Structures are given as C-alpha cells and as structure tokens.
Amino acid sequence: MGHPDFTGNWVLATDNWFMTWIKICGMTNLEDALVAVEAGADAVGFVFYEKSPRCVGVEIVREIVGKLPESVDKIGVFVNELPERVSAIADEAGLTAVQFHGDEYRSPARYVVNRDAFFCLPAAEMVCDLRGQGVFWALPKFPNLAGLLLDSGTQEERGGTGKTFAWGEARAIVAGLLRFHPVVIAGGLTPSNVGWAVDFLKPWGVDVASGVEARPGKKDPEKVRAFVRAARGMDRRTS
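No experiment lies behind these values; they were computed from the predicted model shown.

Colleague: Which parts of the structure should I look at to understand the overall build of the protein chain?
Modeller: Check the secondary structure of the protein chain and you find seven helices and 12 strands. Put simply, the protein chain has 239 residues, and 55% of those count as buried. If you take every contact in the protein chain between residues at least 6 apart in sequence, the share linking residues at least 24 apart comes to 60%. Summing over all exposed atoms, the protein chain offers an accessible surface of approximately 10800 Å²; the carbon and sulfur share of this is 52%.

What follows is the structure in structure tokens.
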C-alpha cells in the first residue's frame, strides 16, 4: 500500500504499509525543526499569522528551510492574507506548499498561488452542514489543492487550541471527502490520542502544533518523537 502525493499519484510506503502523512506545525527555530525531521515527520509548518504566539519571520524561516532535507515539505500557514503576498513569502522563504487557515475556503478561487495549497475547513461548520442535509458536499473548486484540513479552530482562535472536534460525527465527513481529496485532521492531537484518531478517522494526514509543545512556539522533543511513533505504530497495525 501507499499514500497519495500532492498530485494524486500513489507513493509506495516502506514494507508495503500505508503511512499517514505527518506535519509538525508552529516551528520557530531550527532545533525543533530538526527534531521533527529526525523523528520521521513528513512536513514542518511555519505560521505567518501575526496574532499567533507561533508567528515567525520570513528571514528566520528561510534560514531554517535551507538546512532541512529536500524530502521534507515546508509549509507556510496564512490567515486571510492576500494571495500575492502569500506567493511572495513562499518564494522568499523557500516554502514547498502553503496552508490557508482562515476564511479562504469560502471563496477559494480568489486564492490562486504559485504553490500547492492546503485549505482549512472548520470542522464544527462541516458537522453542522452534515446535520442539515449534507450541504458540505457541494464544495467549490480549490486551486492547486494539495489537501483539505479539518480543524477545531474558530474565527476567534484560528488554531493551536489544543481542542479536538467531534470526531464521531466527523467520521462520515472525513470518509466522504477522502473519495475526492487528501484529508488532514488537526486540533487537539497529542501523542496519546493520535493513534486512535488515525485508526478511527483514517485520514490521509495529521497535523499537530500545541500537542507536542513545551510552551507556545517551543516543541518538546520527547512529545514530538512520541507523536510520530504513535501514528506510525497505528499505521503498521492497521495496514
């Protein structure tokens, strides 16, 4: 078995077992990024949202990215930023993909950038749509789509809340969306629950920030390693 890359092709996994794509987000320093890479993460994320305690500057990100392996995805997280500015920052920082984590999913055609893009969908809203006759299936076309991300964030607190969403109700949403797009789950994931989430929701990928931190903006190396081990362990057991 394998997992689809950003183009929808299938990538063979080691020893023929499916590997969940793992992103460790909210990087602010090289040490933490290297820990994530050494632990086996597929991607690291950098937040360019000024209101976030994990916000980091372009110059710092460029320095970090330059010291990471090419095989690791470097993803910039943006909230309601002009697409022209997103592309410019992505170029300057050397990002391989971007993540739109605000209200961009409401009018995605406006957010055409020169990179693969992840669009975040608010899980609570998707669940409400499911209760109301499944309106969420009428999703618009997302340009340069790398994947859809389901998160527990709100307009007041976009991410890094440490709170999970209603996984039980969202299971059907994840399964339905996976028929058409890679789906990444985020929000409240930790080393202790990511294995269960992978088994129950069966997403294409998982994304964590606060769940592996010592404090906002600083990772706990043991938590990062434990998170990757837990996800990979469940991959092996279920493939």
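Colleague: When you look at the nonpolar core in this model, what are you seeing that I'm missing?
Modeller: One recurring pattern in soluble globular proteins is that nonpolar side chains are buried together. Core analysis: the largest hydrophobic core is formed by 59 residues, its most contacted members being I24, F46 and F227. Per element, the largest residue contribution to this core is six residues, and it comes from helix α7 (residues 221-238). Dropping the residues within four chain positions of it, F227 is found in contact with I22, I24, L189, T190, P191, V194, V206, V208 and V212. Formed by 11 residues, the second largest nonpolar core is a distinct cluster that contains W21, A43, C120 and L149.

Colleague: I would appreciate a short explanation of the environment of F100 in the present structure.
Modeller: In this fold, F100 is placed in strand β6 (residues 97-100). When the C-alpha atoms of F100 and F78 are compared, they prove to be 5.2 Å apart, with 22 residues separating the residues in sequence. Here F100 is in contact with F78, V86, Y111, V113, A117, F118, F119 and C120, once residues within four sequence places are set aside.

Colleague: Is there a simple way to think about the pattern of salt bridges in this case?
Modeller: Side chains bearing opposite charge may pair, as long as their charged atoms lie close to each other. A full pass over the atoms with the stated rule returns 13 salt bridges. A salt bridge links E63 to K67; the nearest nitrogen and oxygen atoms lie 3.9 Å apart. Look at K67 and you get partly exposed, because its relative accessible area is 47%. Two residues, D199 and K202, come together in a salt bridge whose shortest N-O distance is 3.9 Å. For D199, a relative accessible area of 31% corresponds to the partly exposed category. Each member of the salt-bridge network shares a partner with another, and the members are E31, D32 and K218.

Colleague: Got a minute to help me understand the packing of aromatic side chains in this structure?
Modeller: Aromatic ring pairs are described here by two measures, namely the spacing of the ring centres and the angle between the planes. Enumeration according to the criterion identifies eight aromatic pairs in this entry. Here W21 and W204 contribute two aromatic rings whose centre-to-centre distance is 5.0 Å and whose plane-to-plane angle is 20°, an arrangement assigned as stacked. Note that W21 is positioned in strand β3 (residues 21-24) and W204 in the loop between α6 (194-201) and β10 (205-208), a separation of 183 residues in sequence. Here the aromatic rings of F119 and F142 are separated by 5.0 Å at their centres, their planes lie at 50°, and the arrangement is tilted. Here F119 is found in strand β7 (residues 116-122), whereas its partner F142 is found in the loop between α4 (123-131) and β8 (145-151), with 23 residues between them in sequence. Residues F119 and F142 agree in their burial class; the two are buried. Ring pairing ties together the aromatic residues F100, Y111, F119 and F142, which thus form one cluster. Between the NZ or CZ atom of R171 and the centre of the ring of F200, over which it lies, the distance is 4.3 Å.

Colleague: Before we go on, may I ask you to explain the sheet that holds β10 in this structure?
Modeller: For sheets, the rule is that strands pair by backbone hydrogen bonds, running either parallel or antiparallel. Pairing in this closed barrel of eight strands is parallel, and the strands run β3-β4-β5-β6-β7-β8-β9-β10 around the ring. Each strand of the sheet is rotated relative to its neighbour by a mean of 25°, with strand direction disregarded. Bridging between β3 and β10 involves four bridges; their strand directions are parallel. When the bridges of β10 are listed, W21 appears paired with G205.

Colleague: Teacher, can you tell me more about the side chain of E104 here?
Modeller: Checked against the element boundaries, E104 lands in the loop between β6 and β7. Filtering out sequence-adjacent residues up to four positions away, E104 remains in contact with F78, V79, N80, E81, Y111 and F119.

Colleague: What's the story with the pairing of strand β5 (residues 73-78) in this structure? I'm lost.
Modeller: By the criterion of burial, β5 is predominantly enclosed, with six of the six residues buried. Here five bridges tie strand β4 (residues 43-47) to β5, and the two strands are oriented parallel to one another. Opposite G45, over in β5, you have I75 as the bridge partner. As for the winding sense of the linkage, the β-α-β connection from β4 through helix α2 (residues 58-65) to β5 is right-handed. Sheet analysis places β5 next to β6, joined by four bridges and oriented parallel. Opposite V77, over in β6, you have Q99 as the bridge partner. Taken together, β5, helix α3 (residues 83-93) and β6 constitute a β-α-β crossover, and its handedness is right-handed.

Cut-offs and rules
Residues numbered from 1 in each chain as written. Predicted model: local features only at pLDDT ≥ 70, side-chain atom pairs only at ≥ 80, totals over all residues. Heavy atoms only, no water. Helix = DSSP H or I, 4+ residues; strand = E, 2+ residues; numbered from the N terminus. Buried < 20%, exposed > 50% of the residue type's maximum accessible area, 1.4 Å probe, protein only. Contact = heavy atoms within 4.5 Å. Areas by Shrake-Rupley, 256 points an atom, 1.4 Å probe, with all protein chains shown as cover. Core = buried A, V, L, I, M, F, W, Y, C linked by side-chain atoms within 4.5 Å. Salt bridge = Lys/Arg side-chain N within 4 Å of Asp/Glu carboxyl O. Phe/Tyr/Trp six-rings, centres within 6.5 Å; stacked < 30°, edge-to-face > 60°. Lys NZ or Arg CZ within 6 Å of the ring centre and 35° of its normal. Pairing = 2+ DSSP bridges. Axes fitted to C-alpha atoms, helices over the stretch in contact; angles between N-to-C directions. Right-handed = clockwise from strand over helix to strand, strands pointing away.

Interpretation note: all reported values are geometric properties and have no functional meaning in isolation.
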